Each structure stands twice: as structure tokens, then as C-alpha cells.
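One letter stands for each residue in the lines below.
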Amino acid sequence: MTSRLLMTLQVDVPPPQKLGAVPHGSRVIAPIAGGTFEGPRLRGKVLPGGGDWTLLRPDGVLELDLRITLETDDGASIYMTSFGLRHGPPEVLAALARGQTVDPSTYYFRTAPRFETSAPQYAFLNRLIAVSRGDRRPSGPNYTIEEIL
Amino acid sequence: MGVHRRDVLKAAAASVVVGAASALTGCVDGGAAEIRLPLAEREREDAMNSRPLMTVRIAAAPPQQLGAVPHGIRTIVPVTGGDFEGPRLRGRILPGGGDWLLLRSDGVLELDLRITLETDDRALIDMRFQGLRHGPPDAIAALGRGEVVDPATYYFRTLPRFETSAERYAFLNRIISVGVGETRPDGAVHRIDEIL
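Residues numbered from 1 in each chain as written. Chains lettered and ligands numbered in written order. Predicted model: local features only at pLDDT ≥ 70, side-chain atom pairs only at ≥ 80, totals over all residues. Heavy atoms only, no water.

(A) Representation of the overall build of chain A in the model. Assigned secondary structure in chain A consists of 1 helix and 11 strands. Beginning at the N terminus, the succession of helices and strands in chain A can be written as β-β-β-β-β-β-β-β-α-β-β-β. Relative to its length of 149 residues, chain A is compact, with a C-alpha radius of gyration of 15 Å against a globular reference of 15 Å. Principal-axis analysis of the C-alpha atoms places the extent of chain A at approximately 45 × 35 × 30 Å. A burial count over chain A gives 50% of its 149 residues as buried. For chain A, long-range pairs separated by at least 24 residues make up 52% of all intrachain contacts whose partners lie at least 6 apart in sequence. Here chain A displays about 6600 Å² of accessible surface, and carbon together with sulfur accounts for 54% of that area. On chain A, the mean spot of the 16 positive side-chain charges and the mean spot of the 15 negative ones are 2 Å from each other. (Helix = DSSP H or I, 4+ residues; strand = E, 2+ residues; numbered from the N terminus. Rg over C-alpha atoms; globule rule 2.2 N^0.38 Å. Buried < 20%, exposed > 50% of the residue type's maximum accessible area, 1.4 Å probe, protein only. Contact = heavy atoms within 4.5 Å. Areas by Shrake-Rupley, 256 points an atom, 1.4 Å probe, with all protein chains shown as cover. Lys, Arg positive; Asp, Glu negative; His and termini not counted. Charge placed at Lys NZ, Arg CZ, Asp CG, Glu CD.)

Structure (C-alpha cells):
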């Protein structure tokens, strides 16, 4: 299996909405205020208005369910969804929860983004499978997204 | 990704200027050379790794052709059985699942598979994936005629997810994985890698 860099994505997360215990776990909704993305074939900004509907499962794994809209520097709109998982040693997750900077190699944070666009110059995004490695920084997550070739 | 990917990287590094190669390996003495490397090459040094999870072979019944539906052309493929094998698990596929295929208007086939795996030590695993298959018209047409086609000639990739209550396989609940698919006349074969 081979892959190549698609883009790096950084999103800004304002204070999350903590919904507490729901039937499937503990729900926290993180609105997305903005962000940027850049890669060899596309770059631009994240529009405000999306969010990440996270669910902390009873087995300690955080499920991520992100929906955002990307706007490229040439004016195309791209709908991005991403399912992901985050888990790690309790002390690492506690440090993340306190908003500290943590070495991302100390925990597992991987996602599988999907894309939709009507822009012909970015139609290749409709046809690819991708995975990403996440890094939860105090200001919000950074993702290194790779296209599976 | 994984070992194969890094071997390719090493070859690529060896073929560029010496300073760029040291930039790839993380040395900081080649600042000027690092600038000569495109972003994609520099990013690859710390790229994701993967390792084989299992190979899944799916036996299918004749497809149910539902024809044109609002989102494309729907074909449902019942799964009659099969097997799976990897370093950490192996067993058989129970009959009863299926793949709810949708041929989109842009020519891409979307997969939506749900099957149940039974390991050789009797654990049950729910496996689901979404995937994409597309390629040159002649390759796709040959697949449609049930011919054997080199899987390198088309794109067939999936994102499997797993659910199990068996403690010894609970690692499956916690991983992101990617499958490379191959359509064969008697079914499909998926080589699935865990993303590390």
C-alpha cells in the first residue's frame, strides 16, 4: 500500500459544547470557527460553521465525526467529512484535556476523510480514499492527510 | 505506506542531491538543500505507517440488479461466505451479509459492505466498509464481463471498520484501516492494512 500527501489541515476550535452522557457514550460537540489547509494540489481556508460531533465511548475511545466546508484559494467549495478514532494512555489523554501540548506520537489519533466537490479541477477528491494522522494542539487539531494510492 | 513506502522513499532520497537526502533523514546540516525539496517529499519522512491486518476473500451470490435509483445505479450483492486470514486473526465469513453497490453518475462505484466474521476460536466480528472503485473504461468493462483483470489497472480502495465484544480482538474496535481490493470472477479479495 502506498500513499502521498494530500494536505495538512488545521482547524480552530472554540470552547466545545458538552452534552454529557447520551445513550452511546459522552457527547461533546466542537464547533469549527475556521482554519486553513495546504497541500501540493490545493490550499485555502476552512469556512466557519462546521463541527466535530465527538463521542467518548465506554471503552475509552473517542470517536470523531467531523463535517466542514473547505474553500480553495481559487474559490471552489469542498465538503469534507471525516470519521476518526483517538485513544491513548490515561495520563496523555488527561494532559490533552487540560489543553497542554502533547507529543502526538504518544497517542493514537487517526481519521478517514471523505470529500465531495462539483469543481472539475478538484474532482479527483471525489474518487479517492484517504487517511490522516491527527495532532491535538491547544488551539485545535492539525491533520496530515494522505491519499491512498 | 509502511515498509514498502519507506523503501521507495530511500530510493527517492538516493536519487536526489546528497544534501536533500540528509534533509530527508532528519539531519539539519543541509538547510539550503531542504528548500530544494518539494513539500510533499519533506512531509513523507514522518508519514504514517501501516501493517497487514488480514486478507478477506468474499464469495458472492449473483447480484440483484435494482437499476436506476435516485443516487445512481444500485446493485446489491449478497455474500454467501468466504474466509479471512492475518497474523492476529483468521476464520470464515458467515453467510448473510452483502454489498450495497451504487454506480454514481461520475462513473465511480461506491461500495457499502456489511459482513460478519467468525474467527477460528468462535468470536464474532462485525465488519463494515465503504469504498470506491473506478478505472479505465476497458478495465471496468472487462470486470463487468466477469473476466480476470490485473488489479493494478484500476483503483479499488476501502475503509473497513470493526466491532467486536471479544476481549482478545478488542484492538479491532480501536483502529483505522484501509483495504486494497481486487474484483475476481468468483468474488472479491481485500488486503487490509491497519494504520499505525
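After that view, the rundown keeps rolling.
(B) Structural context of the interface of chain A and chain B. Between chain A and chain B, the residue contacts involve 33 residues of the former and 33 residues of the latter. Counting each side, the surface lost to burial between chain A and chain B is near 3000 Å², with a carbon and sulfur contribution of 58%. In terms of surface lost to chain B, no three residues of chain A exceed Met1(A), Arg127(A) and Ile129(A), which account for 26% of the buried area on that side. The tally of links between chain A and chain B comes to 1 salt bridge. The closest approach of N and O atoms between Glu63(A) and Arg161(B), which form a salt bridge, is 3.9 Å. One can count 13 residue pairs in polar contact (both at pLDDT 80 or more) joining chain A with chain B. At the level of elements, strand 1 (3–12), strand 8 (77–87), strand 9 (108–116), strand 10 (129–137) and strand 11 (140–148) of chain A are the ones that each hand at least two residues to the side of chain A that touches chain B. (Buried area = accessible area lost by both parts, 1.4 Å probe. Salt bridge = Lys/Arg side-chain N within 4 Å of Asp/Glu carboxyl O. Polar contact = N/O pair within 3.5 Å; in protein donor to acceptor, adjacent residues only side chain to side chain.)

(C) Examining helix 5 (residues 137–144) of chain B more closely. Residue and element names in this part refer to chain B. Listed as buried for helix 5 are Ala139, Ala142 and Leu143. Within helix 5, the buried residues cover an arc of 100° as seen down the axis, which keeps them to one side. Exposed positions of helix 5 whose direction lies more than 90 degrees from the buried face are Pro137, Asp138 and Gly144. Contact partners of the buried residues in helix 5: strand 7 (124–134) and strand 9 (177–184). Downstream of helix 5 by one or two residues, glycine 146 has phi in the positive range, about 80°. (Arc of directions from axis to C-beta.)

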